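Structure at a glance
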Amino acid sequence: IQPFLDLVKLSTKEVIIPTSAVRGAFLAAPVVALGASTVPGQYLVPGYLAAFLKREPEFRYSLRRGDSEQVHRMLKSGQIAVGFVGAVSEPENVDYFPLYDDRLVLAAPNNEHYRMLRERGVYGRKLLLEEPFVSREEGSGTGTSLQNYLRTLGLSHDMLHVVARVDDPEAIKQMVSGGVGVAVLSALAVEQEVQNGTLLAFEMDKSALKRTIYLITLKSQQLSRMEQKLVDFLKSPHRRKRAEAQN
């Protein structure tokens, strides 16, 4: 009888070991390294990743933040496999896929002065040269889009009355609501504040100032199975629209 019991114990152990190994393999699933510039990383990408995780429960990721220039450097150095940025800078080495059409608006405090300007139909570009200005940091997609816009008007960033440079949209919004100055920000970033009446948003001009949020990968890079699944998911318009609705 004893040899039989020993065999049963051995068989039980043989069943338990591979089960534990499978569980450990799941917990140690490869992590997809992602990078995002400030606006997409804070207001857009979380919804995309939450929607993808529902489809792929084994998906594991890390998300690093920086400005658009920093995300490009992360991609080229191999620190991330997939990035999200608000500006094109290296089309010879990087594939850019347009994910989202964003608008830049001039954010101002909700006080009598700016409410009167809104009622008069004043556009943000007029206020750029007249009001104290809180600027984004150099290297951000928002900053690059603003500089490009100023060039089309025959203006430069040096002509603005910059009172502060700040790298965080949340801090900029607090400074604007506190009366420090106006700022050009993504419509995504100020949507909640405009709705609750903390800030006013001025369109930059009659046709609005638009910029694109891009999904980026290296042209020379071979993506892993899960990385490719994520990219394919993000390139599907109807899946993205559902994810955006969750943000």
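Residues numbered from 1 in each chain as written. Predicted model: local features only at pLDDT ≥ 70, side-chain atom pairs only at ≥ 80, totals over all residues. Heavy atoms only, no water.

A few points about the overall build of the chain
- From N to C terminus, the chain includes eleven helices and nine strands.
- Per-residue burial for the chain yields a buried fraction of 46% across its 247 residues.
- Nonlocal contacts in the chain, meaning residues at least 24 apart in sequence, comprise 79% of its contacts between residues at least 6 apart.
- Surface summary for the chain: the accessible area is close to 13,200 Å², and the carbon and sulfur share equals 53%. (Helix = DSSP H or I, 4+ residues; strand = E, 2+ residues; numbered from the N terminus. Buried < 20%, exposed > 50% of the residue type's maximum accessible area, 1.4 Å probe, protein only. Contact = heavy atoms within 4.5 Å. Areas by Shrake-Rupley, 256 points an atom, 1.4 Å probe, with all protein chains shown as cover.)

A look at the nonpolar core
- The biggest cluster of nonpolar side chains holds 26 residues, and the ones touching the most others in it are Phe-59, Val-82, Phe-84, Leu-215, Leu-230 and Leu-234.
- Secondary-structure elements contributing two or more residues to this core are strand 1 (31-36), helix 2 (38-43), helix 3 (45-55), strand 3 (82-85), helix 9 (187-196), strand 9 (209-218) and helix 10 (225-234).
- Setting aside chain neighbours within four positions, we find Val-82 in contact with Ala-33, Leu-34, Gly-35, Leu-75, Leu-215, Ile-216, Thr-217 and Val-231.
- With 20 residues, the next largest nonpolar core counts Tyr-114, Leu-127, Leu-160 and Val-182 among its residues. (Core = buried A, V, L, I, M, F, W, Y, C linked by side-chain atoms within 4.5 Å.)

As for helix 7 (residues 141-152)
- With twelve residues, helix 7 extends 17 Å from end C-alpha to end C-alpha; this agrees with the ideal 16 Å at 1.5 Å per step.
- Among all positions in helix 7, only Gly-141, Thr-142, Gly-143, Ser-145, Leu-146, Tyr-149 and Leu-150 are buried.
- Residue Gly-154 follows helix 7 closely and has a positive phi angle near 75°. (Expected span 1.5 Å × (residues − 1).)

With respect to the side chain of Glu-90
- Tracing the backbone through its elements, the reader meets Glu-90 in the loop between strand 3 and strand 4 (94-109).
- Discounting chain neighbours no more than four positions away, the residues touching Glu-90 are His-72, Lys-76 and Tyr-96.

Re the packing of aromatic side chains
- Following the criterion strictly, the structure yields four aromatic pairs and no others.
- Arranged with centres 5.3 Å apart and planes meeting at 55°, the rings of Phe-52 and Phe-233 form a pair that is tilted. Note that Phe-52 is positioned in helix 3 and Phe-233 in helix 10, a separation of 181 residues in sequence.
- Its relative accessible area of 1% is what places Phe-52 among the buried residues.
- Residue Phe-233 is classed as buried on the basis of its relative accessible area of 3%.
- Ring centres of Tyr-96 and Tyr-214 lie 5.7 Å apart, and the angle between their planes is 80°; this geometry places the pair in the edge-to-face category. Placement of the pair is Tyr-96 in strand 4 and Tyr-214 in strand 9, with a sequence separation of 118 residues. Pair check on accessibility: Tyr-96 and Tyr-214 agree, each one buried.
- Joined through ring pairs, the aromatic side chains of Phe-52, Phe-59, Tyr-61 and Phe-233 make up one cluster.
- Across the ring face of Phe-202, the terminal group of Arg-118 is positioned such that the distance to the ring centre comes to 5.8 Å. (Phe/Tyr/Trp six-rings, centres within 6.5 Å; stacked < 30°, edge-to-face > 60°. Lys NZ or Arg CZ within 6 Å of the ring centre and 35° of its normal.)

Examining the environment of Asp-167
- Within the secondary structure, Asp-167 sits in the loop between strand 6 (162-166) and helix 8 (169-177).
- In the structure, Asp-167 is positioned 100 residues away from Asp-67 in sequence and 8.4 Å away in space, judged by C-alpha atoms.
- Every residue in contact with Asp-167, bar those within four places of it in the chain, is listed here: Thr-38, Arg-136 and Glu-137.

Section: the confidence of the model for the chain
- Looking at the chain, the pLDDT average stands at 87 and 84% of residues meet or exceed 70.
- The element-level mean pLDDT for the chain is lowest in helix 1 (residues 2-27), coming to 41, with strand 3 highest at 98. (pLDDT = per-residue confidence, 0-100.)

Re the pattern of salt bridges
- Within the structure shown, the criterion is met by seven salt bridges.
- A salt bridge links Arg-103 to Glu-203; the nearest nitrogen and oxygen atoms lie 2.7 Å apart. Of this pair, Arg-103 sits in strand 4 while Glu-203 sits in strand 8 (residues 199-203); the two residues are 100 residues apart in sequence, bridging distant segments of the chain.
- Using a relative accessible area of 33% as the deciding quantity, one classes Arg-103 as partly exposed.
- The exposure class of Glu-203 is partly exposed, given its relative accessible area of 29%. (Salt bridge = Lys/Arg side-chain N within 4 Å of Asp/Glu carboxyl O.)

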